[in-house]
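Structure at a glance
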Amino acid sequence: MSLKAFAAKIFARRITKKNSKWINNPIETQKGVFNELIKKAKNTEFGQDHNFKTIISHDDFVKQVPIRDYEALKGYIEKIVEGGENVVWPGRPLYFAKTSGTTSGAKYIPITKESIKNQVEASRDAILNYIDETGNVDFVDGKMIFLQGSPILEAKNGVKLGRLSGISAHYVPGYLQKNRLPSWQTNCIEDWETKVNAIVEETENENMTVIAGIPSWVQMYFERLRNKSGKKVGELFQNFNLFIYGGVNYEPYRAKFENLIGRKVDSIELFPASEGFFAYQNAQNDKGMLLLLNSGIFYEFVRADEFFVENPKRITLKDVELHTNYVMIISTDAGLWAYNLGDTVQFISLRPYKVIVSGRIKHFISAFGEHVIAKEVEEAMKKAIEATGARVNEFTVAPQTSPKEGLPYHEWMIEFEKEPHDEAKFVSILDDTMQSQNSYYFDLIDGAILQTLKITKIKQNGFQDYMKSIGKLGGQNKVQRLANDRKLAEALNAYQA
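Computed from a predicted model, the values in this text were never measured in an experiment. All residue numbers here refer to positions counted from 1 along the written sequence of the relevant chain. Note on the predicted model: pLDDT of at least 70 is required for a residue's local features to be given, and 80 or more for side-chain atom pairs to be given and counted; whole-chain, interface and lining totals, by contrast, use all residues. As a rule here, side-chain values come from all non-hydrogen atoms in the structure, and water together with hydrogens is ignored.

1. Some details on the overall build of the protein chain
Looking only at helices and strands, the protein chain has 18 helices and 18 strands in total. Computed over its C-alpha atoms, the radius of gyration of the protein chain comes to 23 Å, within 12% of the 23 Å expected for a compact globule of 497 residues. For the protein chain, the spread of C-alpha atoms along the principal axes amounts to about 65 × 60 × 45 Å. For every residue, the accessible area (1.4 Å probe, protein chains only) is compared with the maximum for its type, and the residue is labelled buried under 20%, exposed over 50%, or partly exposed between those bounds. The buried share among the 497 residues of the protein chain stands at 55%. Long-range contacts, defined as pairs at least 24 residues apart, comprise 68% of the intrachain contacts of the protein chain with a sequence gap of at least 6. Residues counted as positive are Lys and Arg, residues counted as negative are Asp and Glu, and His and the chain ends are not counted. Taken as the charge location is NZ of Lys, CZ of Arg, CG of Asp or CD of Glu. Each charge sign in the protein chain was given a centre, from 63 positive and 62 negative side chains, and these centres are 5 Å apart. The secondary structure listing takes helices from DSSP runs of H or I that are at least 4 residues long and strands from runs of E that are at least 2 residues long, numbered from the N terminus. When we talk radius of gyration, it's over C-alpha atoms, and the globule rule is simply 2.2 Å times the number of residues to the 0.38. We call two residues in contact when some of their heavy atoms are within 4.5 Å.

2. Let's talk about the nonpolar core
Soluble globular proteins: nonpolar side chains tend toward being buried together. In terms of nonpolar packing, the biggest core is built from 86 residues, with Tyr-299, Phe-301, Met-328 and Trp-337 touching the most fellow members. For Tyr-299, the residues in contact, after removing those within four places along its chain, are Gln-30, Phe-277, Phe-278, Leu-291, Leu-292, Leu-293, Ile-315, Thr-316, Met-328, Ile-329 and Ile-330. In plain words, nonpolar cores are sets of buried Ala, Val, Leu, Ile, Met, Phe, Trp, Tyr and Cys residues tied together by side-chain atoms within 4.5 Å. With 41 residues, the next largest nonpolar core counts Met-208, Tyr-221, Tyr-250 and Tyr-253 among its residues.

3. Observations concerning the sheet that holds strand 18 (residues 454-457)
Taken in spatial order, the three strands of this open sheet run 16-17-18, and their pairing is mixed. Two strands in the sheet have a free side with no partner beyond their single neighbour: strand 16 (391-400) and strand 18. Taking each pair of neighbouring strands and ignoring which way they run, the sheet shows an average axis angle of 30 degrees. Strand direction decides the pairing type here: strand 16 and strand 17 (residues 409-418), joined by nine bridges, are antiparallel. Opposite Thr-396, over in strand 17, you have Met-413 as the bridge partner. Any two strands are treated as partners once DSSP identifies two or more bridges connecting them. The convention used is that axes are lines fitted to C-alpha atoms, helices contributing only their stretch in contact, and that angles between N-to-C directions extend from 0 to 180 degrees.

As structure tokens, then:
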């Protein structure tokens, strides 16, 4: 064992022991975070507008601070962008993370010195937790790659501006800099396809041990490696043994990845966003991610099926229930208050508090009242793949409300890397699994309101070509898993196999 590996193991034990204090005292920890956030922001413009000086309980907070999404908070954010100080958090932010907005164009998410510190520590702790749990530490001596956006930052009224992944590139610890790939020059390439080709050139002969990124884009990197070298990724990188990912569910991609790699590797799931780092997988043999309760984020939850009613009930951690779909509401040390992130989660453990991401509150199918969410279609896809030997590159689901003939149905647009050995069985498992998970969908099928789902095959690289056509190839961009309208489905018709 190298000196670096030995030191990493000791440090991992220390950090894991330190984190156990808040893990074992979750409610008290969240109360402390809440009180600290309110105290620090009480003299900001937002704090004065919402009378933070009188807030001593969560009930007070609910009465005085309504749930907002970015559009509703935009007035405050624009003041910061224009140079304002002490608007939603003391002082000025260090960065703006620029993301794509749905109705407002670009979104500028403030990142403060406190919030970036918590983001960096959460990333570090995810890896240290893995080391302490498994004892696997030799990977620290190899090369590591993090597929991310360009680290080149612009400036907007004195505040640096860029993609979150590009901002994070500036915080790679010094002891990992020599291990880190790609080079700074390659990382700065904006065009994704050019960048991936350059990364392949830089890495194919290196001792890669850790690879991280959004699965759909890491898949593209792996395919280019295989095509250039003629080897499986695991053969090319014999010491590659840890894949770190976030942004989308890995399960629909797992079979494809294991085929590209040629063997199984350990993986760590993360739940990061521009607005904060919320959770990471803390056990290799257990689903779900540990919710981070001591990272400058106070959490509230609203049942997803009640979210769009007037004044939905907002609860804190102590009142959540297992396997219930919640919209996650956050207040942070970057000045986001009762902020609707847009993600929905389900708790799969309350000791400790662990979540899975179940979808997006705006991304669902309920054209007939079926209330289908991403978790359900991803679970159905996983089972169909496992039972039929299929491998899937990408997929999305949309309702077909006005078919040329027959009853309406759900259309699954799938790009197969390997088609199922029995397509009828594949469809049957998809549909049966959907019915078993979703009673509304079952009732609609049983009542002859919907017919069995149908598959539309998308040609090889069709999803990549579509994402490229709309300027969203690579980086942190993701294909929408499901929609309640036909916009994406109609666009994908041009890419049918």
